[in-house]
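Residue-level structural notes
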Amino acid sequence: MTRHIDARDTVVGQGLSWLVATAFFMENLDATIIVTALPSMARDFGEQATSVSVAMSVYALTLAIMIPASGWMARRWGGRPIFLSAIMLFTLASLGCGLAPNLPLLVIARIAQGIGGAMMVPVGRLLVLDTVPPHAIIRAMASITWPGLVAPVLGPPLGGLITEHADWRWIFFLNLPLGAAAFLWALKIVPAIPAESRRLPFDTVGFLLTGAACALLIAMLDRLAAGHASWTIDPLLLVFALLAGIFAVRHSRRAEHPLLDLRALAFPSYTATIYGGSLFRMAVGAMPVVVPLFLLLALGFSPTLAGAMVLAVFAGNLSMKAITTPILERWRFRSVLLISGIINAVSIGACALLTRETPLPIMAALLFVSGATRSMQFTAYNTLAFADVIPTLRTGANTLFSVTMQVTLGLGVAVGAALVKLCQKGLGGSHPGPEAFQITFLILAICAALALVDLFRLPLDAGDAIRKPSQI
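Residues numbered from 1 in each chain as written. Predicted model: local features only at pLDDT ≥ 70, side-chain atom pairs only at ≥ 80, totals over all residues. Heavy atoms only, no water.

Some thoughts on the overall build of the protein chain
Cut-off, in case you're wondering: A run of H or I in DSSP becomes a helix once it reaches four residues, and a run of E becomes a strand once it reaches two; helices and strands are each numbered from the N terminus. Restricting the calculation to C-alpha atoms gives the radius of gyration, and the globule rule supplies 2.2 Å times the number of residues raised to the power 0.38. By the convention used here, residues are in contact when the closest approach between their heavy atoms is within 4.5 Å. Computed by Shrake-Rupley with a 1.4 Å probe, the accessible areas treat only the displayed protein chains as cover when residues are assessed. Only four residue types enter the charge count: Lys and Arg as positive, Asp and Glu as negative, with His and the chain ends excluded. Where a charge sits is defined by one atom per residue type, namely NZ (Lys), CZ (Arg), CG (Asp) or CD (Glu).
Assigned secondary structure in the protein chain consists of 17 helices and zero strands. For a compact globule of 472 residues, the expected C-alpha radius of gyration is about 23 Å, and the protein chain comes in at 21 Å, within 12% of that figure. Principal-axis analysis of the C-alpha atoms gives the protein chain an extent of 60 × 50 × 45 Å. Once local pairs closer than 6 in sequence are excluded, the contacts in the protein chain between residues at least 24 apart make up 85%. Total accessible area computed for the protein chain in this model is approximately 19300 Å², and 70% of it derives from carbon and sulfur atoms. On the protein chain, the mean spot of the 31 positive side-chain charges and the mean spot of the 22 negative ones are 5 Å from each other.

Laid out in structure tokens, this is it:
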């Protein structure tokens with residue numbers, strides 16, 4: 001899975017990018033689309049809505065635990081069969097979710113969905129990296145990244161629309177035509193890249209340690225996001241998660257065939273996307289949660305008006321699609337990330353200045369800028385991560401990057417919700433008021449600004465290997 005193949009036809013390479021983008025869209029959409037359907041699902045199952053929310057948690061948990069195994073599967077059996085199997089499993093599991101007669105069977109189907117999603121996107125991205133020529137990586141990664149940014153924003157309103165006008169089960173049936181089309185498309189264009197080794201041993205110790213670290217951390221984050229924080233349970237979960245993570249890192253550095261290959265951390269461009277990039281993803285991951293709550297609870301907007309304002313973020317993401325690739329091909333990654341990152345941090349902090357009297361066009365413009373810079377930053381980080389990593393280390397780099405992205409985006413959601421509640425308690429209010437959200441926005445802005453520190457240590461030519469020669 002590490003041998004580079006020059007694409008004979010750039011159209012095929014771009015087609016593969018859009019195929020993986022479709023998979024990324026489905027995976028991210030299913031993480032959030034059931035949010036607004038939880039009450040309807042609870043009524044059908046005769047359960048509390050809080051109980052049904054386990055269907056969200058178990059999906060995120062399965063993704064985080066199984067992503068490390070995806071790299072080993074691709075190296076052992078080759079990317080094409082694993083990618084095809086992942087699409088098939090995800091699609092069939094979606095059917096199972098839609099047909100589930102009770103909560104336990106829904107949870108089982110969601111676990112199967114998570115396993116499919118965990119293999120689908122990382123292996124798909126690896127196929128793209130091993131197929132497209134270096135000068136086409138920027139365009140390919142931009143194509144893959146954008147749908148994944150859009151899906152979490154579209155998920156809740158789309159889920160509400162389907163639930164209100166049809167039935168919540170169609171939320172999952174929606175994946176059936178997408179999955180079938182993606183499978184047939186994959187049969188046609190996904191190249192048969194030889195497996196690295198049929199005898200590659202599975203790192204059971206690394207899998208258990210990494211899985212334990214992710215499971216404990218996500219369990220703690222889920223408790224925080226649900227408002228079930230405890231000063232006794234949650235610190236213990238965090239401590240055990242950190243210990244498992246430390247032992248996983250130590251094991252990975254010593255094992256002959258580790259599940260998490262850390263050698264790509266020797267490349268400064270990759271390291272920046274793991275450390276600073278994680279802080280950025282945590283900050284922007286919190287915004288889709290904090291902004292709607294701010295508009296609804298602090299400013300008293302109606303759900304319709306709040307939804308319209310949130311769509312400004314989506315519009316910002318959409319506007320960047322056409323210019324992201326030209327910008328990254330024209331200017332160096334370091335400059336783009338610094339300028340875009342500064343604007344993003346300022347736009348997050350500026351949300352603290354919004355009040356009920358702020359003109360709606362100004363509010364929408366600020367959210368638009370936040371969405372636009374978020375899109376640019378996200379794409380630049382995702383592309384830079386693999387720009388300088390040598391082909392033989394890409395599988396390990398892709399696995400570690402995928403795990404880090406999954407966990408830090410989830411961390412952002414939980415931290416955003418927890419910050420609002422902690423600020424509310426600190427201010428002595430029974431409900432979160434404007435001041436609680438103002439402090440939250442400022443903390444998230446500081447987090448986004450700290451993410452830029454790593455960029456000052458980047459070489460000026462970081463990522464130049466995948467930019468067009470005429471632009472270097």
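Moving on from the coordinates now.
Structural notes on the side chain of Arg125
Going by this rule: Residue exposure (1.4 Å probe, protein chains only): buried if accessible area is under 20% of the type maximum, exposed if over 50%, otherwise partly exposed. In the sections that follow, a salt bridge refers to a side-chain nitrogen of Lys or Arg positioned within 4 Å of a carboxyl oxygen of Asp or Glu. Here a polar contact is recorded for every N or O atom pair within 3.5 Å, except that within protein the pair must consist of a potential hydrogen donor and a potential acceptor, and residues adjacent in sequence are included only if both atoms are side-chain atoms.
The topology assignment puts Arg125 in helix H6 (residues 103-131). For the buried Arg125, no salt bridge exists, and the shortest N-O distance to an oppositely charged side chain is 8.1 Å, to Glu27. Among the polar contacts made by the side chain of Arg125, one reaches the side chain of Ser402 at a distance of 2.4 Å. Apart from the residues within four sequence positions on either side, Arg125 is in contact with Val20, Met141, Phe386, Asn398, Phe401, Ser402 and Met405.

Some details on the side chain of Thr379
Structurally, Thr379 can be placed in helix H15 (residues 360-384). In this structure Thr379 comes out as buried when scored by relative accessible area, which is 2%. Within the structure, Thr379 has its side chain in polar contact with the backbone oxygen of Ser375 (distance 3.0 Å). Beyond its immediate sequence surroundings of up to four residues, Thr379 is in contact with Ala142, Thr145, Thr324 and Leu328.

Looking at the environment of Gly285
When you line up the elements, Gly285 lands in helix H12 (residues 268-298). Spatially, the C-alpha atom of Gly285 lies 7.6 Å from that of Leu411, the residues being 126 residues apart in sequence. Aside from chain neighbours lying at most four places away, what touches Gly285 is Leu409, Gly412 and Val413.

Focus: the environment of Gly114
Tracing the backbone shows Gly114 in helix H6. Spatially, the C-alpha atom of Gly114 lies 5.1 Å from that of Thr62, the residues being 52 residues apart in sequence. Excluding residues within four positions of it along the chain, Gly114 makes contact with Tyr59, Thr62 and Leu63.

Structural notes on the environment of Phe437
On the secondary structure map, Phe437 appears in helix H17 (residues 434-450). Its relative accessible area of 0% is what places Phe437 among the buried residues. When the C-alpha positions of Phe437 and Leu184 are compared, they lie 47 Å apart, and in sequence the two are 253 residues distant. The residues contacting Phe437, other than those within four sequence positions of it, are Val290, Leu293, Phe294, Leu297, Ala298, Val420 and Pro432.

Section: the pattern of salt bridges
This structure, assessed with the given rule, holds two salt bridges. Across the pair Arg263 and Asp261 runs a salt bridge whose closest N-O atoms are separated by 2.7 Å. Asp261 gets classed as buried once you look at its relative accessible area, which sits at 11%.

Some details on the nonpolar core
Short version of the rule: Take the buried Ala, Val, Leu, Ile, Met, Phe, Trp, Tyr and Cys residues and link them wherever side-chain atoms come within 4.5 Å; each set so joined is a nonpolar core.
Leu16, Leu19, Phe83, Met120 and Tyr270 are the most contacted members of the largest nonpolar core, which has 92 residues in total. If near-sequence neighbours (up to four positions away) are discounted, Met120 is found in contact with Ala23, Met26, Glu27, Phe83, Ala86, Ile87 and Phe90. With 32 residues, the next largest nonpolar core counts Val313, Ile348, Ala352 and Leu444 among its residues.

Here's the deal with the packing of helix H14 (residues 333-350) against H17
If you want to describe how two helices pack, look at the angle between their axes and the distance between the axes. Short version of the rule: Only the stretch in contact is used when a helix axis is fitted, and all axes are lines through C-alpha atoms; the angle between N-to-C directions ranges over 0 to 180 degrees. Throughout, the term roughly parallel applies to angles under 35 degrees, roughly antiparallel to angles over 145, roughly perpendicular to angles from 65 to 115, and oblique to all others. Under the grouping applied here, Gly and all other residues not named as nonpolar or charged are polar, the nonpolar ones being Ala, Val, Leu, Ile, Met, Phe, Trp, Tyr, Cys and Pro and the charged ones Asp, Glu, Lys and Arg.
The N-to-C vectors of H14 and H17 enclose an angle of 170°; their axes lie 7 Å apart at closest approach. It follows from the interaxial angle that H14 and H17 lie roughly antiparallel. The residues of H17 that touch H14, namely those facing Asn344, Ala345, Ile348 and Gly349, are Phe441, Leu442, Leu444, Ala445, Ala448 and Ala449. Its residues assigned to classes, the contact of H14 with H17 shows eight nonpolar, two polar and no charged.

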